[in-house]
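Now for the letters of each chain:
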Amino acid sequence: MAEEFTDHPLRAQWLSVEEAAEEIVNFERRFGEKHLLLAWHAALPFILTPALVNLIRLNFLEKDAIPWYTEADFLLSPLCRSLGGELYQLEPTIREVLLYELEERAGTERPLEIATFLLDYLESEHPWKQREDFDQLQRWIAQAYLHPDLLIAALKSELERSDVTFEPNTSPDLADGLKIAYALELVSTKLEEQQHKLTLQQQEDFQYLQDATRLLAYYWSKDYSKLSQKIGGLKTQTIRKLKKAGSLGSFFEWLVTSNTAAAVAKITPAQQALLSELNDLKTSHKRRRDIGKRLSEIGDPRRGIGLDQNGLPDIEWLPVFQGGQVKIEKKNFKVAPFYIARYPITYAQYDAFVNDTEGFNNPEWWRDMPKEYQMQELYSKNVKPPNYPRDYLSWYQSVAFSRWLYSRLKGAELPNPDNSSKSGWIIGQNAEVRLPTEWEWQWAAQGGREQRQYPWGTWQEGYANTDEAKLNQTVAVGMYPHGAALCKAEDLSGNVWEWCLNEYSSPSTIKINDSTNSRVLRGGSFGGIAHFVASAYRLNLDPSDDYNRSGFRLVVCFPYPASLISESSGL
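These notes cover the structure that comes with them. Only a predicted model underlies this, so the values are computations on that prediction, with no experimental measurement involved. (Residues numbered from 1 in each chain as written. Predicted model: local features only at pLDDT ≥ 70, side-chain atom pairs only at ≥ 80, totals over all residues. Heavy atoms only, no water.)

1. What about the overall build of the protein chain?
Stated formally: Starting at the N terminus, helices and strands are each numbered in turn, a helix being any DSSP run of H or I of at least four residues and a strand any DSSP run of E of at least two. Per-residue accessibility, obtained with a 1.4 Å probe over protein chains only, is compared with the maximum for each type, and a residue is labelled buried under 20%, exposed over 50%, and partly exposed between these values. Computed with a 1.4 Å probe, the accessible areas rest on the Shrake-Rupley method; for each residue, only the protein chains presented here act as cover. Only four residue types enter the charge count: Lys and Arg as positive, Asp and Glu as negative, with His and the chain ends excluded. One atom stands in for each charge, and that atom is NZ of Lys, CZ of Arg, CG of Asp or CD of Glu.
The number of helices and strands found in the protein chain is 21 helices and 15 strands. Referenced to the eigenvectors of the C-alpha coordinate spread, the extents of the protein chain come out at roughly 70 × 55 × 40 Å. Counting over 571 residues, the protein chain shows a buried share of 57%. Surface summary for the protein chain: the accessible area is close to 23800 Å², and the carbon and sulfur share equals 48%. Averaging the coordinates of the 62 positive side-chain charges in the protein chain and doing the same for the 77 negative ones gives two points 3 Å apart.

2. Here's the deal with the side chain of R95
Using the following cut-off: Put simply, a salt bridge is a Lys or Arg side-chain nitrogen that is within 4 Å of an Asp or Glu carboxyl oxygen. Here a polar contact means two N or O atoms within 3.5 Å. Within protein one must be a hydrogen donor candidate and the other an acceptor candidate, and residues neighboring in sequence count only if both atoms are side-chain atoms. Here a residue-residue contact requires only that any non-hydrogen atoms of the pair lie within 4.5 Å.
Mapped onto the elements, R95 comes out in helix α6 (residues 92–106). The side chain of R95 is buried and forms no salt bridge, while E96, the nearest opposite charge, is found at 5.8 Å. Within the structure, the side chain of R95 is placed 3.0 Å from the backbone oxygen of L44, a separation counted as a polar contact. Look past the residues within four positions of R95 in its chain and what remains in contact with it is A43, L44, P45, F46, L90, I141 and L186.

3. Re helix α9 (residues 148–160)
Counted only if it meets this: Expected span, for any helix, means 1.5 Å times one less than how many residues it has. Think of it as the arc spanned by the lines of direction from the helix axis to the C-beta atoms.
End to end, α9 covers 18 Å across 13 residues, agreeing with the expected 18 Å (1.5 Å per residue, within 8%). Those residues of α9 not exposed but buried are P148, L151, I152, L155, E158 and L159. Down the axis of α9, the buried set is contained in an arc of 135 degrees. They therefore lie on one face.

4. Quick look at the packing of helix α2 (residues 17–31) against α6
Rules: Note on method: axes are straight lines fitted to C-alpha atoms, helices fitted across the in-contact stretch only, with angles between N-to-C directions ranging 0 to 180 degrees. In what follows, roughly perpendicular refers to angles from 65 to 115 degrees, roughly parallel to angles under 35, roughly antiparallel to angles over 145, and oblique to any angle outside these ranges. Note: crossing handedness is left-handed where the near helix turns anticlockwise from the far helix by less than a right angle, and right-handed where it turns clockwise.
Contact pair α2 / α6: the axes reach a minimum separation of 9 Å and the direction vectors enclose 70 degrees. By the criterion of interaxial angle, the relationship of α2 to α6 is roughly perpendicular. For the element pair α2 and α6, the recorded crossing hand is right-handed. Contact residues: α2 offers V17, A20, E23 and I24, while α6 offers T93, I94, V97, L98 and E101.

5. Observations concerning the environment of E91
Along the polypeptide, E91 turns up in the loop between β3 (87–90) and α6. Since its relative accessible area comes to 4%, E91 is described here as buried. For the pair E91 and A43, spaced 48 residues apart in sequence, the C-alpha separation works out to 9.7 Å. Of note is the side chain of E91, whose polar atom sits 2.8 Å from the backbone nitrogen of I94.

6. With respect to the sheet that holds strand β12 (residues 519–522)
Stated formally: Paired strands are those between which DSSP finds at least two bridges.
Strand order in this open sheet of 4 strands is β13-β12-β11-β14, and the pairing throughout is mixed. The outermost strands of the open sheet, each flanked by one partner alone, are β13 (538–541) and β14 (550–551). With 3 bridges joining them, strand β11 (residues 497–503) and β12 adopt antiparallel strand pairing. Counterpart to W499 in the pairing with β12 is L521. Running over the sheet, helix α20 (residues 438–445) touches β11, β12 and β13 and is turned about 135 degrees from β11.

7. Digging into the sheet that holds strand β1 (residues 47–48)
An order of β1-β3-β2 is seen for the 3 strands of this open sheet, with the pairing classed as antiparallel. Each edge of the sheet is formed by a strand with only one pairing partner; in this case those strands are β1 and β2 (80–84). Inspection of the sheet shows β1 paired to β3 by 2 bridges, in the antiparallel sense. Bridging from a neighbouring strand, L48 pairs with Y88 of β3.

8. Examining the pattern of salt bridges
This structure, assessed with the given rule, holds 33 salt bridges. Residues R139 and E123 are paired through a salt bridge, measuring 2.9 Å at the closest nitrogen-oxygen approach. Of the two residues, R139 is situated in helix α8 (residues 132–146) and E123 in the loop between α7 (109–122) and α8; the sequence distance between them amounts to 16 residues. Notably, a salt bridge pairs E297 with R294, separated by 3.1 Å at the nearest N-O pair. One end of the pair, E297, and the other, R294, are both in helix α17 (residues 285–298), 3 residues apart, so they sit about a helical turn from each other.

9. Overview of the packing of α9 against helix α10 (residues 175–193)
Selection criterion: Basically, the charged four are Asp, Glu, Lys and Arg, the nonpolar ten are Ala, Val, Leu, Ile, Met, Phe, Trp, Tyr, Cys and Pro, and anything else, Gly included, counts as polar.
The N-to-C vectors of α9 and α10 enclose an angle of 165 degrees; their axes lie 10 Å apart at closest approach. Here α9 lies roughly antiparallel to α10, going by the angle between them. When the axes of α9 and α10 are compared, the crossing they make is left-handed. Contacts from P148, L151, L155, E158 and L159 of α9 reach α10 at G177, K179, I180, L184, V187 and L191. The residue makeup of the contact of α9 with α10, split by class, is 8 nonpolar, 1 polar and 2 charged.

10. Some details on unusual backbone geometry
One non-glycine residue, Y392, adopts positive backbone phi at about 55 degrees. Relative to the assigned elements, Y392 resides in the loop between α18 (347–355) and α19 (395–408). If you check the backbone angles, D491 has positive phi at about 65 degrees while not being a glycine. Tracing the backbone through its elements, the reader meets D491 in the loop between α20 and β11.

11. A look at the state of the cysteines
Inclusion rule: We call a pair of cysteine sulfur atoms a disulfide whenever their separation is within 2.5 Å.
Taken as a whole and judged by the stated rule, the model has 0 disulfides. We note that C500 lacks a disulfide partner, and the nearest cysteine sulfur, in C557, lies 12 Å from it. What makes C557 buried here is its relative accessible area of 2%.

What follows is the structure, encoded as structure tokens:
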């Protein structure tokens, strides 16, 4: 695989090749060779249904006597994840490895035959016929094998027709462009192999697509260093093309003209200098503490820490889209894709709730809780800078905030976490804002299937504000960027404990009611040694306990049934 593709920000959310190979080996060990043979053949379509898998088996594996039950075993295995409505999706790297093995075992003609079959199938009545985004994605995948020239032309046209509203002082909506970036990454390896079939102009168009979508992905992931490097390496001819790229043209023109991380992020030289120090592993704990305080004085420019132009908490939502299972107290909990906040809720953000006339003192946000803890008085003896994590919070006070913010964000839309579909998540319709369950929290902290002991991997002193730092206090959020999890969430270890939604003794209980059963906290704090800040460590406290080291962060996810969360409807 070309090096250009291996560091793609979207690909960073996928399994590594080694992990994908291990999943496939485990699948074969459990089910056998016939199941694996079906998996090879069913890997080419990215979106699967029971009917499609059945037809693939009947059309390509009839003579191999593959039994019918292999279909269900495959779709319900860890190789696939459910999208709902009898739709399934292969993990992207697992799909790539399966397709590589298919060509090795069955020859290069077999994928072409399956791609031809897929295009014919898309012309028939099929379960996602009304899902234009899925249908389009499947056509692109088939064309990567059969007609790479047509695919490049189609992607180029789609990119330049992307709908984007952009003003230099606002955040652009890049959902359409990211959809193209994701699709291109799914077929990039195959297109690389097919370059000898392309004309010189088509090869230039392919490079243009790579450059344009890479800029979008770096900007989306806030990787401004690589963004600047990419811009600096663009050819003049490519820059001219980007500036003419339909409605995205104005965005690309601004991006290319800025050409520095500071300009893109709108950071002053003084702020940039302080933030640059944070990326140096040699920066001491005390210096990180002081940097956070100084940023609070001159203005902390980082997104996800303060308030937006409407005075609401400006949460930076990070996708955690590889689902799986987490074992807690000998029970497996299934994790669906979700978004998680980059940082714990800060003082500035919690104060917005307190100061809102319909905020902290609104009984609606405290419903179903014990009467003595409704509008529970906040501990306010220690006033801390606005970019510090809000601590001294009880579980009740954390839930009340999440309900308030959920109500304020209704109607806001996020892309699907994996950007594979144009249809987004709309808060209040098919998504909600709430505290994470501890299995969601742990999945994000451990890097999903990587099962990291700590968010960054194995223990390393200097990666988090823990007892080893000897600061004996909280610091501003995000002072240890090198300690981020795979999903890029920061401070999951150390600084403050983080409340989770569920009960401690009965993890599957997530109701918000008048029970005073203890709830779960995760992540450790500035006072915890390495053992207590591990990704899988659990702590319990009474939900009314406003511990001096407890805070929280939020997630956006599919709603649980109301009966599982609250005695009343909704959160």
